[in-house]
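One letter stands for each residue in the lines below.
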Amino acid sequence: MPLEDPELKRILSAIRKALMAEVSRQYSVPAHIIWVREIATCIRQSFYNRIYYRNFNDKLAFMLLRGRFLHELILEKLPLGIAEPNIKLAEVKLDNEVILRGKADWIVGDYVIDLKYKMYLPKEVSLNDRNQVLLYMYLYDKPKGLVLYISQYGEIRPFIIPRDETLIKYLLEKALKLHRALVRNNPPEPEVAEWCKWCP
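Along each chain, residue indices are assigned from 1 in the same order as the chain's sequence is written. With pLDDT at 70 or above as the cut-off, local features in this predicted model cover only qualifying residues; side-chain atom pairs require 80 or more to be listed or tallied, and sums for whole chains, interfaces and linings still use all residues. Water and hydrogen atoms play no part in the side-chain values, which are based on all heavy atoms of the structure.

A. Layout of the packing of helix α3 (residues 43-52) against helix α6 (residues 165-184). Axis lines are fitted to C-alpha atoms, over the contacting stretch for helices. Their N-to-C directions set the angle, which ranges from 0 to 180 degrees. Numbered from the N terminus, helices here are DSSP runs of H or I no shorter than four residues, and strands are runs of E no shorter than two. Between α3 and α6, the least distance of the axes is 10 Å, while the angle of their chain directions is 40 degrees. For the element pair α3 / α6, the angle class is oblique. Along this stretch, α3 crosses α6, giving a crossing that reads as right-handed. On α6, the residues that touch I43, S46, F47 and R50 of α3 are K174, K177, L178, A181 and L182. Residues are grouped as follows: Ala, Val, Leu, Ile, Met, Phe, Trp, Tyr, Cys and Pro are nonpolar; Asp, Glu, Lys and Arg are charged; every other residue, Gly included, is polar. Looking at side-chain class alone, the contact of α3 with α6 contains five nonpolar, one polar and three charged residues. When describing relative orientation, an angle under 35 degrees is termed roughly parallel and one over 145 degrees roughly antiparallel, while 65 to 115 degrees is termed roughly perpendicular and anything else oblique. Each crossing gets its hand from how the near helix is turned against the far one by less than a right angle, where anticlockwise is left-handed and clockwise is right-handed. Two residues qualify as a contact provided that any one of their heavy atoms is within 4.5 Å of a heavy atom in the partner residue.

Written out as structure tokens, the structure reads:
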């Protein structure tokens with residue numbers, strides 16, 4: 001089918017629009033809604049993500065979503081059976097305005113489980129992944145967390161994360177700080193993170 005074919009153009013346009021709409025839905029949210037993933041990492045990076053992802057093309061949209069596509073495929077094909085069904089989006093109001101929002105992958109008994117797909121298995125859990133599962137433990141009121149890495153070769157490596165109230169409190173304060181930065185349109189101070197070379 002040639003690229004000039006009107007039907008092919010319509011199909012490709014529909015795919016691009018779907019990608020763009022999904023990324024827009026995730027990143028075009030009010031300043032008072034803070035996602036778990038945004039405070040698990042450097043909030044300066046999260047601040048710039050909110051700003052720069054207001055204007056993006058279909059290539060960037062796919063790059064942002066491809067990890068999630070793989071993630072959801074694994075969740076669909078590898079059900080635990082013992083997990084709670086239909087995990088719902090959780091949110092907690094941190095003050096009179098700010099809402100922390102996120103969704104865990106699995107909940108099994110006392111455990112909140114966060115699935116991570118990696119090219120190669122890490123030797124230790126990353127700071128971002130640990131922070132993320134701690135915040136899910138807070139949102140779902142669970143005492144234990146588990147970061148479960150799956151490699152491209154099907155290898156699995158689990159890391160148990162104990163609940164840490166001091167660190168959770170610090171992360172919640174970061175959520176409030178990110179909210180203030182977004183409202184004032186003033187980037188917060190940087191933290192050591194994976195994308196330090198990317199941020200202005």
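There is more to say, and it comes next.
B. Spatial organisation of the side chain of D114. Within the element layout of this structure, D114 appears in strand β5 (residues 111-118). Excluding anything up to four places from it in sequence, D114 contacts D105, Q132, V133, Y136, L146, V147 and L148.

C. Local environment of unusual backbone geometry. One non-glycine residue, D141, adopts positive backbone phi at about 55 degrees. Within the element layout of this structure, D141 appears in the loop between α5 (127-140) and β6 (144-151). Per-residue accessibility, obtained with a 1.4 Å probe over protein chains only, is compared with the maximum for each type, and a residue is labelled buried under 20%, exposed over 50%, and partly exposed between these values. Classification of D141 as exposed rests on a relative accessible area of 62%. Here the phi dihedral of N185 falls at roughly 55 degrees; this positive angle occurs in a residue that is not glycine. Locating N185 in the fold gives a position in the segment after α6. Overall, the relative accessible area of 54% leaves N185 in the exposed class.

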